[in-house]
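Now for the letters of each chain:
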Amino acid sequence: MTHTLHRRGDRASLSQDYIVFTMSAKGLNEEGSAERMKTFLGILLKHHPVNYGTW
Amino acid sequence: MLGGIMHFERDRKNPTRIYYAIDEDECVECSVCLRSGCCPTEALFQPELVWPRTVRKNFSDPLKIHPETRIPGRGTEEMKTNEVTARYRRGMYGMAFELGRPGVGARFHDVQKVATALAALGIAFEENNPVTKLMADRTKGLIKPEVLNEKVLSAIVEFMIPAERLSQVLEVLDRVSQEIDTVFSGDIITRVGEDGSVPYANEILKRGRFLSINGKSNVGLGRPLAKV
């Protein structure tokens, strides 16, 4: 819920409000995840996010 | 107490000057005031924290990596990595009870009320959850005594149940929610049906609750996929 605390309004007004995030699974695919995170952020930038890179 | 961590005090040497003082008993150590740069005289500083006050920062500062979970703040991986961990399977519900929100907060004696009520049902708490790590007795849901009066922005009691126990658990959560002195939200996690249906929806709506617009969906892009 922390990622969506900015939301105010009804379903219709928020229909284009998306939070997309990625996370490594600790102990499973954590190794090398920094580079994959960079790739993810690069993809995100192509779509002109309102905000990005925060927890 | 909403927004009640600061109050005015008058300078003793120069009574024409007033300043803000922070009530450290109400402060949850989120560090938002520090990061916002809201103090024009830069008088704010982070005091050194010692146990058990360190709990406040670990749960409340979204930029603090929790030493136990290695995740920022009070949360866990829960369903965010489910395609890789397979933690939540069909027929099971992951559940959580979140106490407190920004500006309101929660004390651990209220967290303990929820945990003990659930423990009485024989509920097993999520191992990788920071509240579980603070329990002195997981079978009874008892939090370490020195932590009970600590206040945090929010804390999550997390557990998993077979789907058929949902009604019983909701009954207990409805009751205990009347006994705590803060705001709360309930979380429920499950695999959706093959047709995209949400199996718990009717039970929630039947009890007069609503499904929030704050929900999360795991779309399954993680690799390697869990073997199920």
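1. Some details on the overall build of chain B
Then, in step 1: Within chain B, the secondary structure is distributed over 7 helices and 9 strands.
Then, in step 2: Dimensions of chain B along its principal axes, counting C-alpha atoms only, are 70 × 40 × 35 Å.
Then, in step 3: Looking at chain B residue by residue over its 228 residues, the buried ones come to 29%.
Then, in step 4: Long-range contacts, defined here as pairs at least 24 residues apart, represent 70% of the contacts in chain B between residues at least 6 apart.

2. Notes on the interface of chain A and chain B
Then, in step 1: Taken together, the contacts link 13 residues of chain A with 17 residues of chain B.
Then, in step 2: For the side of chain A that touches chain B, the per-class residue count stands at 7 nonpolar, 3 polar and 3 charged.

3. As for the confidence of the model for chain B
Then, in step 1: Summary statistics for chain B give a mean pLDDT of 91 and a share of 96% for residues scoring 70 or more.
Then, in step 2: Here the predicted complex scores 0.89 on pTM and 0.88 on ipTM.

4. Comments concerning helix 4 (residues 108–119) of chain B
Residues and elements named next belong to chain B.
Then, in step 1: For helix 4, with 12 residues, the first-to-last C-alpha span of 16 Å sits near the 16 Å given by 1.5 Å per residue.
Then, in step 2: Helix 4 sits mainly inside the fold: 9 of its 12 residues count as buried.
Then, in step 3: When helix 4 is considered as a whole, its buried residues turn out to be F108, D110, V111, Q112, V114, A115, A117, L118 and A119.

5. Focus on the sheet that holds strand 9 (residues 184–189) of chain B
Residues and elements named next belong to chain B.
Then, in step 1: Overall, antiparallel pairing links the 3 strands, which are arranged 8-3-9 in an open sheet. Looking at which strands have only one partner, the edges of the open sheet turn out to be strand 8 (155–162) and strand 9. Sheet twist, expressed as the average angle between the axes of neighbouring strands with direction ignored, equals 20°.
Then, in step 2: In the sheet, strand 3 (residues 92–99) pairs with strand 9 via 6 bridges, with the strands oriented antiparallel. Bridging across to strand 9, F97 finds its partner in G186.

6. What to know about the nonpolar core
Residues and elements named next belong to chain B.
Then, in step 1: Counting residues in hydrophobic clusters, the biggest one holds 32 residues, and the most contacted among them are V111, V114, A115, L118, A155 and V157.
Then, in step 2: Among the elements of the structure, helix 2 (54–60), strand 3, helix 4, strand 8 and strand 9 are those that each provide at least two residues to this core.
Then, in step 3: Counting residues per element, this core draws most heavily on helix 4, at 7 residues.
Then, in step 4: Not counting residues within four places of it along the chain, the set of residues in contact with L118 comprises I123, G141, V157, F159 and V172.

7. Let's talk about the environment of R36 of chain A
Then, in step 1: In this structure, R36 of chain A sits in helix 1 (residues 33–46).
Then, in step 2: Given 14 C-beta atoms within a 10 Å radius, R36 of chain A is considered partly exposed.

8. Digging into unusual backbone geometry
Residue and element names in this part refer to chain B.
Then, in step 1: A cis amide bond links W51 to the next residue, P52, at an omega of 5°.
Then, in step 2: Here P52 is to be found in the loop between helix 1 (32–36) and helix 2.
Then, in step 3: Here R223 and P224 are connected by a cis peptide whose omega angle stands at 0°.
Then, in step 4: Along the polypeptide, P224 turns up in the segment after helix 7 (201–206).
Then, in step 5: Positive phi outside glycine occurs at E78, with the angle close to 25°.
Then, in step 6: Taking the C-beta count within 10 Å as the criterion, E78 has 22 such neighbours and is therefore assigned buried.

9. Notes on the environment of E83 of chain B
Residue and element names in this part refer to chain B.
Then, in step 1: Here E83 is to be found in helix 3 (residues 82–85).
Then, in step 2: On a C-alpha basis, the gap between E83 and L211 in space is 23 Å, while along the polypeptide they are 128 residues apart.
Then, in step 3: With residues up to four places along the chain from it excluded, the contact list for E83 reads N218, G220, G222, L225 and A226.

10. Notes on the environment of V32 of chain B
Then, in step 1: Within the secondary structure layout, V32 of chain B lies in helix 1.
Then, in step 2: Residues V32 of chain B and T116 of chain B, 84 residues apart in the sequence, show an inter-C-alpha distance of 32 Å.

11. A word on the pairing of strand 3 of chain B
Residue and element names in this part refer to chain B.
Then, in step 1: The element strand 3 is largely enclosed, with a buried count of 7 among its 8 residues.
Then, in step 2: With 8 bridges joining them, strand 3 and strand 8 adopt antiparallel strand pairing. Note on strand 8: the bridge partner recorded for E98 is I156.

The rules behind the values
Residues numbered from 1 in each chain as written. Chains lettered and ligands numbered in written order. Predicted model: local features only at pLDDT ≥ 70, side-chain atom pairs only at ≥ 80, totals over all residues. Helix = DSSP H or I, 4+ residues; strand = E, 2+ residues; numbered from the N terminus. Buried ≥ 20, exposed ≤ 12 C-beta atoms within 10 Å, placed from the backbone. Contact = placed C-beta atoms within 7 Å. Nonpolar A, V, L, I, M, F, W, Y, C, P; charged D, E, K, R; others polar. pLDDT = per-residue confidence, 0-100. Expected span 1.5 Å × (residues − 1). Pairing = 2+ DSSP bridges. Axes fitted to C-alpha atoms, helices over the stretch in contact; angles between N-to-C directions. Core = buried A, V, L, I, M, F, W, Y, C linked by C-beta atoms within 7 Å.

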